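# Chains, contacts and geometry: an overview
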There are 2 protein chains.
Amino acid sequence: MARFFMAGTNINGGMAIMKGRDAEHVRVLRLRPGEDMIICDGQGTDYKCRLVKADKEQVEAEVVEVVKCPAEPSVKVAVICGLPKGSDKTDYIIQKSVEAGADEIMFFQSARCVAKPQNMERKMERWQRISEEAAKQSGRGIIPQVSWLEDMTAALDVVVKKDLGIFLYETGEREALSDVLDNNREVKSIALMTGPEGGFEEFEAKLAKIAGMHICSMGERILRCETAPIVALTASMYATGNLA
Amino acid sequence: MARFFMAGTNINGGMAIMKGRDAEHVRVLRLRPGEDMIICDGQGTDYKCRLVKADKEQVEAEVVEVVKCPAEPSVKVAVICGLPKGSDKTDYIIQKSVEAGADEIMFFQSARCVAKPQNMERKMERWQRISEEAAKQSGRGIIPQVSWLEDMTAALDVVVKKDLGIFLYETGEREALSDVLDNNREVKSIALMTGPEGGFEEFEAKLAKIAGMHICSMGERILRCETAPIVALTASMYATGNLA
């Protein structure tokens, strides 16, 4: 069923009035009066609507039912990645994380980042568009926020506000990701931190540990920097009963 | 540590002799006598070697230790996908599946495939190269085979030889993927079947069911055809204790 986010939509007295880009989209899709569509408020609520009228100026639809968007996971996972080199990797991380159920996606400057954080404002606009596209396509109830954090300190500041912090690291003494997740199936929020191409420095792992994060392994296979977040996120969804 | 697959290597009397492309690679990496390297037989066994000599003709290395490659999962998962449109998607499925631990990857012509299976021989060569690259990079003990199956019948013929068959489907009556995996944690082999861009036809789901497959859901989020295999594969690795 056609699906829209609510920006530019007014819901009032059982009627939804769309203008602007979304109204244009309804016309492009050639939806006809009587057809059903979903307008999502971007906060996890879906308005099931029936199209009444679509003309050049605006679209009017009758609200038939208001439901909790079924695609929203019960756990809010923040994916926090050392900025990879090359926009194909960042774009990929965003698109796949949104599909796989992330609540928010953040990039930060970690010690081994090769990428230079330039034109961040323009980048963030593009990142947010990729998130919105992926959210629409996968039927999400929110548009996950994509943001940029200056450094590890800022990233850890996000982490400490979550119920569970997981730092994916490739060497040294680590817990198994699956053990940590199995022991924390009831958490409401998780922060997953993954490195850029060269991984993390030892001092970053130490900092993460001091901040209360679990230093975790995902097995002996070495995952690319753009693969690790999706694998860790999927494991988190699985463990918390959100892959069913 | 530098890692090679054994094609073109002879191991005999405690010495490994490399010629051809791999010997070239050792020279490119500027490994010096005394340095350690791993030569993998591509069947799950790693030969830890110490370089003795590298010249234009060949590379000689002393075998120091023979171990089971730690990166190989205990479960053999076949990823079987309806051929997507566009080589970026197939390439992506191959690369990420190898990283995430697939044993083999297969594409087949399903009812809603838009892609035309043309030049399959050349394609399979390229697919296999992508698998080899990803296997080296992620430290795998095998180079997962990538193959092409003509149709659903051929695909189901592969499935029935596995301990557990899982058919990912977007509508109708389905089991939760996590329930099925949780109830089958001890299996030694799994077949995961995912559709092309438009998903599967109902008759394909029926056929899969008749072949003994579990018709499964991965939740309410709609995953792209190139994302679903990685998510299902990661869930399989998690459930069988191979993400630790």
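Residues numbered from 1 in each chain as written. Chains lettered and ligands numbered in written order. Predicted model: local features only at pLDDT ≥ 70, side-chain atom pairs only at ≥ 80, totals over all residues. Heavy atoms only, no water.

Turning our eyes to something else, we now look at the side chain of Arg221 of chain A. By the secondary structure assignment, Arg221 of chain A is in the loop between β13 (214-217) and α7 (228-239). Buried within the structure, Arg221 of chain A lacks any salt-bridge partner; its nearest side chain of opposite charge belongs to Glu72 of chain B, at an N-O separation of 6.4 Å. A polar atom in the side chain of Arg221 of chain A sits 2.8 Å from the backbone oxygen of Ala71 of chain B. Sequence-distant contacts of Arg221 of chain A, that is, excluding residues within four places in its chain, are made with Ala71, Glu72, Pro73, Val98, Glu99, Ala100, Gly101, Ser138, Arg140, Met237 and Asn242 of chain B. (Helix = DSSP H or I, 4+ residues; strand = E, 2+ residues; numbered from the N terminus. Buried < 20%, exposed > 50% of the residue type's maximum accessible area, 1.4 Å probe, protein only. Lys, Arg positive; Asp, Glu negative; His and termini not counted. Salt bridge = Lys/Arg side-chain N within 4 Å of Asp/Glu carboxyl O. Polar contact = N/O pair within 3.5 Å; in protein donor to acceptor, adjacent residues only side chain to side chain. Contact = heavy atoms within 4.5 Å.)

On to the interface of chain B and chain A. Of the residues lining the interface, 40 residues belong to chain B; the matching set on chain A comes to 40 residues. Carbon and sulfur atoms supply 54% of the area that chain B and chain A bury against each other, a total of about 3300 Å² over both sides. For chain B, the biggest contributors to the area lost against chain A are Arg221, Arg224 and Tyr238 of chain B; these three give 25% of the whole. Across the chain B-chain A interface, the total number found is four salt bridges. (Buried area = accessible area lost by both parts, 1.4 Å probe.)

In total, this model carries 34 salt bridges over all chains according to the counting rule given. Note that Glu99 of chain B and Lys96 of chain B form a salt bridge whose closest N and O atoms lie 3.3 Å from each other. With a gap of three residues between them, Glu99 of chain B and Lys96 of chain B both fall in helix α2 (residues 87-100), about one helical turn apart. Judged by its relative accessible area of 1%, Lys96 of chain B falls in the buried class. Because the salt bridges share partners, they merge into one network encompassing Lys96 and Glu99 of chain A together with Arg224 and Glu226 of chain B.

This part covers the relation of the copies chain B and chain A. Overlay of chain B on chain A (RMSD 0.0 Å): rotation 180°, translation along the axis 0.0 Å. When the rotation and shift are considered jointly, the pair of chain copies conforms to a two-fold rotation axis. (Least-squares fit on C-alpha atoms with pLDDT ≥ 70 in both.)

Here the focus is a nonpolar patch on the surface. Residues and elements named next belong to chain A. Side chains of Phe203, Leu207 and Ile210 sit close together on the surface and give an oily, nonpolar patch of about 330 Å² of accessible area. In this structure, Ile210 sits in helix α6 (residues 202-210). On the basis of relative accessible area, Ile210 is assigned to the exposed category, the value being 73%. (Patch = residues over 30% accessible without salt bridge, like charges linked within 9 Å, V, L, I, M, F, W, Y side chains within 5 Å. Areas by Shrake-Rupley, 256 points an atom, 1.4 Å probe, with all protein chains shown as cover.)

What follows concerns the sheet that holds strand β9 (residues 145-149) of chain A. Residue and element names in this part refer to chain A. Taking strand neighbours across the sheet as the criterion, the seven strands line up as β9-β8-β7-β12-β10-β13-β11 in an open arrangement whose pairing is parallel. Looking along the sheet, the strands with just one partner apiece sit at the ends: β9 and β11 (175-176). In terms of strand pairing, strand β10 (residues 164-168) meets strand β12 (residues 189-194) through four bridges, oriented parallel. Bridged to Leu164 within β12 is Ile190. Where helix α2 (residues 87-100) meets the sheet, it contacts β7 (76-82), β8 (104-108) and β9, and its direction lies at approximately 160° from that of β8. (Pairing = 2+ DSSP bridges. Axes fitted to C-alpha atoms, helices over the stretch in contact; angles between N-to-C directions.)

Residues and elements named next belong to chain A. Among the secondary structure elements, Gly14 is positioned in the loop between β2 (9-12) and β3 (15-18). In this structure the C-alpha to C-alpha distance between Gly14 and Ser236, which are 222 residues apart in sequence, comes to 38 Å. When neighbours within four sequence positions are excluded, Gly14 is seen to be in contact with Ala61, Glu62 and Val63.

All names here are of chain B. The sheet built from seven strands is open, its strands ordered β9-β8-β7-β12-β10-β13-β11 with parallel pairing. Two strands close off the open sheet at either side, each with one partner strand: β9 (145-149) and β11 (175-176). Strand direction decides the pairing type here: strand β8 (residues 104-108) and β9, joined by five bridges, are parallel. Each residue of the ladder has a partner; that of Met106, found in β9, is Ser147. Packing of helix α3 (residues 120-138) onto the sheet brings it into contact with β8 and β9, and relative to β9 it is tilted by some 155°.

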